[in-house]
Amino acid sequence: MPSWRTRAARARYGQSSRRRRRTRRRRIVFGVVAAVLAWLGISAVLLALAAGDAREAEQSLRRLQGSTSGADLLRGDAGEELAQARDDLTSASRKAHLPVITPLRVLPFVGRQVTAFQEMLGASSGVLDVGVEALGSTREQLGGELPQGGARVELMGSLQGVLDVALEQLLGEAEGMGAGDGLIQPLADAHDELSEHLGDVTDQLSDATLTIAALRTFLDGDGRYLVLAANNAEMQDGWGMPLQAGVLTVADGEVSLPDLEPTSDLLLPQGVPFEGDLATNWGRLQPNREWRNLALTPRFIEAAPLAARMWEARGGGPVDGVLSVDPYALRAVLAATGPVTVEDGT
């Protein structure tokens with residue numbers, strides 16, 4: 001039977017062993033807590049740095065939006081600033097997608113915020129990447145001397161291909177952004193604003209694609225188009241009063257527009273048959289024989305066919321379409337082309 005000294009020694013050993021185990025457990029707990037805190041701190045710093053990069057990109061984009069036109073993007077240094085904004089967003093997205101941040105996505109509530117932030121950064125950088133690539137391709141297509149004739153039609157086809165690819169990629173990026181449900185207010189506002197901007201960009205790119213396709217169709221083959229030169233100083237209900245008219249011809253990419261004639265000299269002795277808004281509301285002013293009254297209706301879809309019939313009735317022959325050109329239209333053209341030299345000056 002053990003002596004009392006032996007039993008005391010065993011008791012002291014047991015107490016010491018328990019103290020060591022408790023100390024070891026505390027160290028493990030403290031170590032785990034310290035590691036978790038360090039992980040959360042590093043994640044918070046990385047997300048803050050990502051947000052800072054995103055703000056830098058946003059400021060660059062706002063400067064571009066406020067002071068840059070589409071022509072400036074093609075001719076000036078604005079494209080480099082767009083690329084810088086893309087690089088800032090790419091950097092932000094990389095920081096937000098580092099492996100150290102991935103475990104945050106499994107946390108309740110917090111994970112939804114982190115996931116949404118990552119998706120928004122990924123979509124934003126992807127959209128700008130599409131824009132920079134499309135801009136570079138467009139610059140390459142339009143750089144140097146612009147082609148003439150049939151080569152101009154081929155250029156329109158190449159540009160249409162660039163825009164089609166960009167639109168498809170943009171729609172894919174927009175789909176990858178995810179829903180904005182259950183987000184804290186700042187993230188929810190950012191998500192809504194980004195969704196709105198993506199919708200606007202998609203609509204504008206779709207319009208550009210349709211415009212290029214229309215220009216390609218317009219330049220390809222042969223065509224005759226009645227051109228009405230409108231004076232905005234004499235606005236009517238729909239558009240400027242058409243004071244001059246002539247036929248623009250298109251043949252294999254080449255466009256020709258001879259001198260226009262005053263519409264006051266084109267008065268028809270007897271008007272052509274007409275109906276619709278012009279006949280119902282303005283028939284007494286005889287817009288079917290008086291060219292200067294064609295703009296009494298805002299519905300160009302009614303005025304244009306009537307103008308085509310009037311031109312044919314006065315012996316000008318059939319036309320494939322009708323164009324109305326005013327100073328605002330010319331200003332838009334000159335914004336893209338730069339100054340144009342004609343016989344009388346620039």
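**Digging into the overall build of the chain**
On a plain count of helices and strands, the chain comes out with 9 helices and 5 strands. Helices (α) and strands (β) of the chain occur, in sequence order from the N terminus, as α-α-α-α-α-α-β-β-β-β-α-α-β-α. Taken over the C-alpha trace, the chain has a radius of gyration of 35 Å; the compact-globule value for 346 residues is 20 Å, which it surpasses by more than 25%. Principal-axis analysis of the C-alpha atoms places the extent of the chain at approximately 140 × 50 × 30 Å. The buried share among the 346 residues of the chain stands at 34%. When the accessible surface of the chain is summed, it comes to about 20,600 Å², and 56% of that surface belongs to carbon and sulfur atoms. Side chains of the chain give 33 positive and 45 negative charges; the mean places of these two sets differ by 33 Å.

**Some details on a nonpolar patch on the surface**
A surface patch of nonpolar side chains, amounting to about 720 Å² of accessible area, comprises I28, V29, F30, V32, V33, V36, L37 and L40. Within the element layout of this structure, I28 appears in helix α1 (residues 4-67).

**Re helix α5 (residues 150-175)**
A rise of 1.5 Å per residue sets the reference length of α5, with its 26 residues, at 38 Å; its end C-alpha atoms lie 38 Å apart and thus fit the reference within 8%. For α5, the full list of buried residues reads V153, L155, M156, L159, Q160, V162, L163, A166, L167 and L170.

**As for the packing of α5 against helix α6 (residues 185-219)**
Interaxial distance between α5 and α6 falls to 9 Å at its minimum, and their mutual angle equals 160°. One finds that α5 runs roughly antiparallel with respect to α6. Two packed elements cross with a definite hand, and for α5 against α6 that hand is left-handed. Along the lines of polarity and charge, the residues of the contact of α5 with α6 split into 17 nonpolar, 5 polar and 3 charged.

**What to know about the nonpolar core**
The biggest cluster of nonpolar side chains holds 45 residues, and the ones touching the most others in it are L47, F117 and L121. Examining the composition of this core, we find that 12 residues originate from one element, helix α4 (residues 110-142), more than from any other. In contact with L121, other than residues within four places in its own chain, are A50, A54, L89, A92, S93 and A96.

**Some words on unusual backbone geometry**
Notably, D252 is not glycine yet its phi reads approximately 50°, a positive angle. In this structure, Q286 takes a positive phi of about 50° despite not being glycine. The topology assignment puts Q286 in the loop between α7 (277-282) and α8 (300-313). Residue Q286 is classed as partly exposed on the basis of its relative accessible area of 38%.

**Some remarks on the packing of aromatic side chains**
Scanning the model with the defined rule gives 3 aromatic pairs in all. Geometrically, the ring pair formed by F218 and Y225 is tilted, given 4.7 Å between the ring centres and 45° between the ring planes. With centroids separated by 5.2 Å and ring planes inclined at 75°, the aromatic side chains of W239 and F300 adopt a geometry described as edge-to-face. Of this pair, W239 sits in the loop between β1 (222-235) and β2 (240-251) while F300 sits in helix α8; the two residues are 61 residues apart in sequence, bridging distant segments of the chain. Residue F300 is classed as partly exposed on the basis of its relative accessible area of 28%. The cationic tip of R314 hangs over the ring face of W311; the distance from NZ or CZ to the ring centre is 5.0 Å.

Rules and cut-offs
Residues numbered from 1 in each chain as written. Predicted model: local features only at pLDDT ≥ 70, side-chain atom pairs only at ≥ 80, totals over all residues. Heavy atoms only, no water. Helix = DSSP H or I, 4+ residues; strand = E, 2+ residues; numbered from the N terminus. Rg over C-alpha atoms; globule rule 2.2 N^0.38 Å. Buried < 20%, exposed > 50% of the residue type's maximum accessible area, 1.4 Å probe, protein only. Areas by Shrake-Rupley, 256 points an atom, 1.4 Å probe, with all protein chains shown as cover. Lys, Arg positive; Asp, Glu negative; His and termini not counted. Charge placed at Lys NZ, Arg CZ, Asp CG, Glu CD. Patch = residues over 30% accessible without salt bridge, like charges linked within 9 Å, V, L, I, M, F, W, Y side chains within 5 Å. Salt bridge = Lys/Arg side-chain N within 4 Å of Asp/Glu carboxyl O. Expected span 1.5 Å × (residues − 1). Axes fitted to C-alpha atoms, helices over the stretch in contact; angles between N-to-C directions. Parallel < 35°, antiparallel > 145°, perpendicular 65-115°, else oblique. Left-handed = near helix turned anticlockwise from the far one by under 90°. Nonpolar A, V, L, I, M, F, W, Y, C, P; charged D, E, K, R; others polar. Core = buried A, V, L, I, M, F, W, Y, C linked by side-chain atoms within 4.5 Å. Contact = heavy atoms within 4.5 Å. Phe/Tyr/Trp six-rings, centres within 6.5 Å; stacked < 30°, edge-to-face > 60°. Lys NZ or Arg CZ within 6 Å of the ring centre and 35° of its normal.

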